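Reading the structure
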Amino acid sequence: MNLRDTLTLSFTTVVSYRTRSVLIVLAMALGVAAVVVLTALGDGARNYVVGQFSSLGTNLIIVLPGRSETSGGFVSAALGQTPRDLTLEDARFVGHLPQVRRLAPLNVGVAELTSGGKLREVTVLGSTAELLPIRHMKLSQGSFLAHGSGRSAQIVLGSELAHEFFPDGKVIGQRIRLGDSRFMVSGVLASQGESMGFNSDEIAIIPIDYAQELFNTSTLFRILVEARSRNAIESAKSAIQHTLKLRHDGEDDVTVITQDAVLATFDRILRALTLGVSGIAAISLAVAGILVMNVMLVAVAQRTSEIGLLKAIGAPAADIRHLFFAEALWLSLAGGAIGFGLGHLGAWLIRLAYPDLPAWPPAWASIAGVATALITGILASLLPAARAARLDPVLALSGK
Amino acid sequence: MIHLTAITRVFQMGDQEVRALNGINLEIQPGEYVSIMGPSGSGKSTLLNVVGLLDRPDSGRYKLDGTDVTALSETEQARVRREKIGFVFQSFHLIPRLTAAENIELPLMLEGVDPADRKARVEATLDAFELRDRAHHRPSELSGGQRQRVAIARATILKPTALLADEPTGNLDHRTGAEVVALLEALHHAGTTLIVVTHDRELGARAHRHIAMRDGEIIGDART
């Protein structure tokens, strides 16, 4: 019997046992759909986190004072040396490195903001004009801190603060008091909401030298550095470490974190999570495979006399085996295709319900889901098909 | 054409051995019309199954058209069944999901005949067996006589040399039974070897050679 006839004949069989076929296809489809939806969720979560990190800045390197690893030891401890602080001068040197596109020194503190009888405590960032492009911030009105070193008492307010202090909307050029000094509002940040647990709508940004004066310090909290490119990140990192080591009398007393390293860790964790979850979903496919086997075994028992007849009219064992194969193939093919559709529909519904979550099922998951369905279906039909082909025609014909 | 020598077939029933065929020697010439009769358990169906290559004898030799078919592999035996032997059963054995035409087409499909050619041959057969208006009915929508006609059409579409019928009228009333017998005899007149296993004395008597069996042995072989 040729392939086309085998497929046609088994298709007729699948269609005529309607209830049975629908149920088995459904089981298969749910398994495939589960794989597709769960990987879409996992991958969506991963992309969401990666996106959140990228929104902090691209090619970002963060320099912090102090070591985060244990090193050195006895000598420095005995001499009572503490790690050196980061200074604006350090930042200036780092800024001259060829791998660095721009940098923004950063100080953070809390101060009282007062204007027109209103008062509240706010988180204050002290930085330079470069903070805006490095952190990918956007303004809704006015301008950011001025470039250069000319001292001007400017302040940029978060959108929430601007609204609270100046509800009539006239914000730019207004005077406001922060701590003991007076500032002029030069710009308002666009509302970005909370990102990585930090609400940029409720902060105030002032020039770094004012901030150091305000908090009475000469040290920096962080230096945010943007490397020239993704490839320059590693060399920039070592160049920064080297420069600061030289400036700090040979002490390795700063920590340099790249955003990439943090990102890669999250990426790995979430990828593993996605794989784990889809692995669990794949178990349901294996269960569907066992179902197919059971159904095919029942089919062999039901159709014993038919198999006997096929043998009597001259079907070789191979033809009978192929017929049962083809039947399982149709069932799992239909299950895989419908599951693929259901899974993508599910992912679409998730994206509709949570627009922030990019729940796109990855191509490998869709392919793997459908392929697993086909393979388990065919494997599951091996035993029943062999059993059918081995049936003794005389006993089969008499229905025993 | 059919040449059986010392054929033995033994079944194990619990701890008892049943000799369904006990040293059968039989020769059937092409174009013969043979009836095999005997009480239940006499081995007549087993004999038919061995002749039709559905059952393998435990010992003895079976030559069909000069070839020793007992030595053939399973696949080769299937081909011999397909091309040289047609089976007609008491309970028709039609595939319920397929229409009359599709049931008749099955042997052509197994033989690997080209679809266009297949269609023409099925059409011709439907006409010859007066089944044209029933072609697209399922077996459940056919009468007993029509079902057996479909079964005979299926058994003969590849023009086998021997037609083996096991109680072909057993499930039919007298009148339709007579029609089916007439059909089988017409095929015999056209040159097919016809072997009928039956309980029905009237049907058995119509054959030209009567073989009587008891306890796995041939106890009578008469020609009329």
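A few points on the structure. Nothing here was measured: the structure is a model prediction, and the numbers come from that model.

Notes on the overall build of chain A
Along chain A, the regular secondary structure elements total 13 helices and 12 strands. By principal-axis analysis of the C-alpha atoms, chain A measures approximately 105 × 60 × 35 Å. Looking at chain A as a whole, 45% of its 400 residues qualify as buried. Sequence separation of at least 24 residues holds for 79% of the intrachain contacts in chain A that already meet a minimum separation of 6. When the accessible area of chain A is evaluated, it comes to approximately 19300 Å², of which 62% is carbon and sulfur surface. Charge centroids of chain A, computed over 33 positive and 31 negative side chains, lie 9 Å from each other.

Here's the deal with the packing of helix H10 (residues 304-312) of chain A against helix H11 (residues 317-353) of chain A
All names here are of chain A. The N-to-C vectors of H10 and H11 enclose an angle of 140°; their axes lie 10 Å apart at closest approach. If you check the angle between H10 and H11, you find them oblique. Regarding H10 and H11, the two cross each other, and that crossing is right-handed. Between H10 and H11, the contacting residues are Ile307, Leu310 and Lys311 on the first element and Ile320, Leu323 and Phe324 on the second. Here the residues of the contact of H10 with H11 are counted per class, giving 5 nonpolar, no polar and 1 charged.

Comments concerning the interface of chain A and chain B
By convention, interface size is frequently given as the accessible area that disappears when the constituent parts associate. Listed as interface residues are 23 residues of chain A and, on the opposing side, 21 residues of chain B. Between chain A and chain B the total buried area reaches about 2100 Å² when both faces are included, carbon and sulfur atoms providing 64% of it. Together, A:Leu309, A:Ile313 and A:Val394 form the three largest contributors to the area buried by chain A at its contact with chain B, with a combined 25%. Our count for the contact surface shared by chain A and chain B stands at 8 residue pairs in polar contact (both at pLDDT 80 or more). Secondary structure elements with two or more residues in the side of chain A that touches chain B: helix H1 (3-16), H10, H11 and helix H13 (393-397) of chain A. With 6 residues, H10(A) is the largest single contributor of residues to the side of chain A that touches chain B. A breakdown of the residues in the side of chain A that touches chain B according to their chemical character gives 13 nonpolar, 5 polar and 5 charged.

So, the packing of aromatic side chains
By the definition in use, this model includes 3 aromatic pairs over all chains. Consider the rings of A:Phe11 and A:Trp330, whose centres lie 5.0 Å apart with planes at 65°: the pair is edge-to-face. Of this pair, A:Phe11 sits in helix H1 while A:Trp330 sits in helix H11; the two residues are 319 residues apart in sequence, bridging distant segments of the chain. Using a relative accessible area of 40% as the deciding quantity, one classes A:Phe11 as partly exposed. Of the residues examined, A:Trp330 reaches a relative accessible area of 25% and is grouped as partly exposed. With 5.5 Å between their ring centres and 5° between their planes, B:Phe87 and B:Phe89 make a pair best called stacked.

Brief notes about helix H8 (residues 232-247) of chain A
Residue and element names in this part refer to chain A. The first and last C-alpha atoms of H8 sit 22 Å apart over 16 residues, in line with the 22 Å expected at 1.5 Å per residue. Listed in full, the buried residues belonging to H8 are Ala232, Ile233, Ala236, Ala239, Ile240, Thr243 and Leu244. Summarising the axial view, the buried residues of H8 lie within an arc of 125°, below the 170-degree limit, and thus occupy one face. In H8, the exposed positions that point more than 90 degrees away from the buried face belong to Glu234, His242 and Leu246. Contacts made by the buried residues of H8 are with strand E1 (60-65), helix H4 (88-95), strand E11 (222-227), strand E12 (254-258) and helix H9 (259-302).

Considerations on empty space enclosed by the protein
Here the structure, examined in full by the defined rule, presents 3 cavities of 30 Å³ or more. Of the volumes computed, that of the largest cavity is approximately 170 Å³. As for the largest cavity, its lining consists of 16 residues, and the residues nearest its centre are A:Thr13, A:Arg303, A:Glu306, A:Leu323 and B:Arg97. What the second largest cavity holds in volume is close to 80 Å³. Looking at the second largest cavity, it is lined by 13 residues, and the ones nearest its centre are B:Arg82, B:Ile85, B:Gly86, B:Arg154 and B:Ala155.

Cut-offs and rules
- Residues numbered from 1 in each chain as written.
- Chains lettered and ligands numbered in written order.
- Predicted model: local features only at pLDDT ≥ 70, side-chain atom pairs only at ≥ 80, totals over all residues.
- Heavy atoms only, no water.
- Helix = DSSP H or I, 4+ residues; strand = E, 2+ residues; numbered from the N terminus.
- Buried < 20%, exposed > 50% of the residue type's maximum accessible area, 1.4 Å probe, protein only.
- Contact = heavy atoms within 4.5 Å.
- Areas by Shrake-Rupley, 256 points an atom, 1.4 Å probe, with all protein chains shown as cover.
- Lys, Arg positive; Asp, Glu negative; His and termini not counted.
- Charge placed at Lys NZ, Arg CZ, Asp CG, Glu CD.
- Axes fitted to C-alpha atoms, helices over the stretch in contact; angles between N-to-C directions.
- Parallel < 35°, antiparallel > 145°, perpendicular 65-115°, else oblique.
- Left-handed = near helix turned anticlockwise from the far one by under 90°.
- Nonpolar A, V, L, I, M, F, W, Y, C, P; charged D, E, K, R; others polar.
- Buried area = accessible area lost by both parts, 1.4 Å probe.
- Polar contact = N/O pair within 3.5 Å; in protein donor to acceptor, adjacent residues only side chain to side chain.
- Phe/Tyr/Trp six-rings, centres within 6.5 Å; stacked < 30°, edge-to-face > 60°.
- Expected span 1.5 Å × (residues − 1).
- Arc of directions from axis to C-beta.
- 1 Å grid on protein atoms, 1.4 Å probe; cavity = no way out; pocket = protein on both sides within 12 Å on 5 of 7 lines; lining within 4 Å.
- Points joined across faces, edges and corners; volume = space filled by probe spheres on them.

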